[in-house]
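# Observations on the three-dimensional arrangement
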Amino acid sequence: MIKTDIIIIGAGPVGLFAIFEAGLMKLKCHLIDAIPQAGGQLTEIYPKKPIYDIPGYPTVLAGELIDRLMEQAAPFKPGFTLGERADTIEKQEDDSFIVTTSEGTAHHAPVVMIAGGLGSFEPRKPKIDSLPRFEKNGVEYMVKEPENFLGKKIFISGGGDSALDWAIYFAEKNVSPVGLIHRSDAFRAHKDSVEKVHQLEKEGKIEFYTHAEVVGLNGENTLESIEIKQKGKGNKTVAVDTWLPLFGLSPKLGPIGNWGLEIEKNAIKVDNTLDYQTNIPGVFAIGDVNTYPGKLKLILCGFHEATLAVQTAYKIIHPEKRFTLKYTTVQGVQGFD
Ligand SMILES: Cc1cc2nc3c(=O)[nH]c(=O)nc-3n(C[C@H](O)[C@H](O)[C@H](O)COP(=O)(O)OP(=O)(O)OC[C@H]3O[C@@H](n4cnc5c(N)ncnc54)[C@H](O)[C@@H]3O)c2cc1C
């Protein structure tokens, strides 16, 4: 059981900034995110796009803003459970909460802050009847720990950044060539990555299957081979250890929608007159995931909401103490040992 002061669901920019604001009040945070890296929409959807409306930054790349937020949060030693979706919340007799993930990891804290943005990003799955049988038995939708795949015969499907980035990574590290399967011959990924995969194909480190798709999966208990249908060439069965269908992730409010929270238009209703608390005392919702009159889905607004939410969180966690706000210019940033 992971114990902390505040469980933050969602490691997007708003969840990350909440670590800093909580840290200034000596509160410890543990973040859960369904995707294997921090950054939310900024790393998942637009890491290379410049943002122009972050105070003090005339322009900053989305990916760089996340790096900065991680750096700012680092002194407060946050914990992370990444690549796992927060599935259930259980209120305890003492009004604290246990949040359990899709992988069964349990977290315990007096306060929960939902910074879930548009919801958890769920993989877009191909339509193959036997797919569920091979999930986590040879079929993976995300690469959580790349070292686990080294030395394996890997096939990747997809034409976006994620598919090409991992194809390049494994082609450079693995012993056998990586198979790259795509429905067309035009890739949506960054130009540099497209050039790189063509280069690796020439070196014999990537095998291309364009105008192709996987139509069948075979194996006793784990995946042993995939059937590839290629336009003009018919079907071919190839031996594999791992197949990574990387067709992107789509956001879904998901299990949070069943937690007894007041939901309006796929967002969580909060009290914006005070602290962004939900209808469940001790559970807050900040950033894109919440709604209230006049709500703007902007990073800047989420930062403000996080700052106010931790004030009430402090009172819940330390009802006997009084916190006096001091400017960071006065108190500095005293991290945790
Ligand atoms: C293309 C684009 C450009 C944009 N440009 C700007 C801009 O210029 N300026 C601006 O201010 N805003 C911009 N935005 C909006 C901005 O990205 C969002 O306001 C911001 O990402 C919200 O941050 P967040 O932390 O609330 O949520 P998110 O960034 O959505 O992060 C939420 C995280 O929560 C996780 N999560 C959700 N549910 C669960 C669960 N049950 N378990 C585990 N994890 C979960 C998700 O996996 C995700 O990582 C843009 C958005 C897009 C798509």
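Residues numbered from 1 in each chain as written. Predicted model: local features only at pLDDT ≥ 70, side-chain atom pairs only at ≥ 80, totals over all residues. Heavy atoms only, no water.

The next thing to look at is the layout of surface pockets. In this structure, the largest pocket encloses a volume near 1,000 Å³. Lining of the largest pocket is provided by 32 residues; of these, Thr43, Glu44, Asp161, Ser162 and Asp165 occupy positions nearest its centre. Among the secondary structure elements, those contributing two or more residues to the lining of the largest pocket are helix H2 (41-44), strand S11 (120-123), helix H5 (161-173) and strand S19 (249-252). The leading source of residues in the lining of the largest pocket is H5, at five residues. Of the residues that make up the lining of the largest pocket, three or more belong to each of domain 1 (2-122 + 250-331) and domain 2 (125-247). Looking at the second largest pocket, it is lined by 25 residues, and the ones nearest its centre are Glu103, Lys136, Glu140, Tyr141 and Met142. Looking at the lining of the second largest pocket element by element, the count peaks at three residues for S11. Here the lining of the second largest pocket is composed, by residue class, of seven nonpolar, six polar and twelve charged. For the lining of the second largest pocket, the domains that each give at least three residues are domain 1 (2-122 + 250-331) and domain 2 (125-247). (1 Å grid on protein atoms, 1.4 Å probe; cavity = no way out; pocket = protein on both sides within 12 Å on 5 of 7 lines; lining within 4 Å. Points joined across faces, edges and corners; volume = space filled by probe spheres on them. Helix = DSSP H or I, 4+ residues; strand = E, 2+ residues; numbered from the N terminus. Domains from an automatic or database assignment. Nonpolar A, V, L, I, M, F, W, Y, C, P; charged D, E, K, R; others polar.)

Near the ligand you find 31 residues, and of these Asp33, Gln41, Tyr46, Ala86 and Asp288 are the closest. Backbone polar atom of proline 13 to an oxygen atom of the ligand: 3.4 Å apart, as the coordinates give it. Tyrosine 46 has a polar side-chain atom sitting 2.5 Å from an oxygen atom of the ligand. Protein chains bury 87% of the 1,000 Å² of accessible surface belonging to the ligand in isolation. Of all elements in the fold, only helix H1 (13-24), strand S3 (29-33), H2 and S11 reach the threshold of two or more residues within the shell around the ligand. Class assignment for the residues of the shell around the ligand results in 16 nonpolar, nine polar and six charged. (Near = heavy atom within 4 Å. Polar contact = N/O pair within 3.5 Å; in protein donor to acceptor, adjacent residues only side chain to side chain. Areas by Shrake-Rupley, 256 points an atom, 1.4 Å probe, with all protein chains shown as cover.)

With that out of the way, let us pick up the packing of H5 against helix H6 (residues 191-202). Relative orientation of the contacting elements H5 and H6 amounts to 40°, with a least axis distance of 10 Å. For the element pair H5 and H6, the recorded crossing hand is left-handed. Residue-level inspection shows Asp161, Leu164, Asp165, Ile168, Ala171 and Glu172 of H5 in contact with H6, the latter providing Ser193, Val194, Lys196, Val197 and Leu200. Partitioning the contact of H5 with H6 into residue classes produces six nonpolar, one polar and four charged. (Axes fitted to C-alpha atoms, helices over the stretch in contact; angles between N-to-C directions. Left-handed = near helix turned anticlockwise from the far one by under 90°. Contact = heavy atoms within 4.5 Å.)

Moving on: the packing of aromatic side chains. Inspection of the entire model under this criterion finds twelve aromatic pairs. Each ring, one from phenylalanine 17 and one from phenylalanine 303, has its centre 4.7 Å from the other, and the planes form 40°; the classification is tilted. Of this pair, phenylalanine 17 sits in helix H1 while phenylalanine 303 sits in helix H7 (residues 299-317), placing them 286 residues apart in sequence. Across the pair, exposure class does not vary: phenylalanine 17 and phenylalanine 303 are buried alike. Here the aromatic residues Phe17, Phe20, Phe76, Phe303 and Phe336 are joined through ring pairs into a cluster of three or more. One cation-aromatic arrangement involves arginine 183 over phenylalanine 247; the distance from NZ or CZ to the ring centre is 5.3 Å. (Phe/Tyr/Trp six-rings, centres within 6.5 Å; stacked < 30°, edge-to-face > 60°. Buried < 20%, exposed > 50% of the residue type's maximum accessible area, 1.4 Å probe, protein only. Lys NZ or Arg CZ within 6 Å of the ring centre and 35° of its normal.)

So, on to the nonpolar core. Generally speaking, soluble globular proteins have nonpolar side chains that are buried together. Counting residues in each nonpolar core, the largest one holds 62 residues, and the members touching the most others are Ile6, Met113 and Ile114. Setting aside chain neighbours within four positions, we find isoleucine 114 in contact with Ile9, Ile256, Trp259, Leu261, Ile268, Val283, Phe284, Ala285, Ile286 and Val289. Ile154, Ala171, Phe187 and Ile206 belong to the second-largest nonpolar core, a separate cluster that totals 21 residues. (Core = buried A, V, L, I, M, F, W, Y, C linked by side-chain atoms within 4.5 Å.)

Interface size is commonly expressed as the accessible area that is lost once the parts come together. What the domain assignment reports for the protein chain is domain 1 (2-122 + 250-331) and domain 2 (125-247). Here the C-alpha centre of domain 2 lies 34 Å away from the C-alpha centre of domain 1. Summing both sides of the interface, domain 1 and domain 2 together bury roughly 410 Å²; the carbon and sulfur share of this comes to 62%. Summed over the shared surface of domain 1 and domain 2, the number is one salt bridge. A salt bridge links glutamate 103 to lysine 136, with the nearest nitrogen and oxygen atoms 4.0 Å apart. At the junction of domain 1 with domain 2, the criterion picks out zero residue pairs in polar contact (both at pLDDT 80 or more). In the side of domain 1 that touches domain 2, the residues fall into five nonpolar, one polar and two charged. (Buried area = accessible area lost by both parts, 1.4 Å probe. Salt bridge = Lys/Arg side-chain N within 4 Å of Asp/Glu carboxyl O.)

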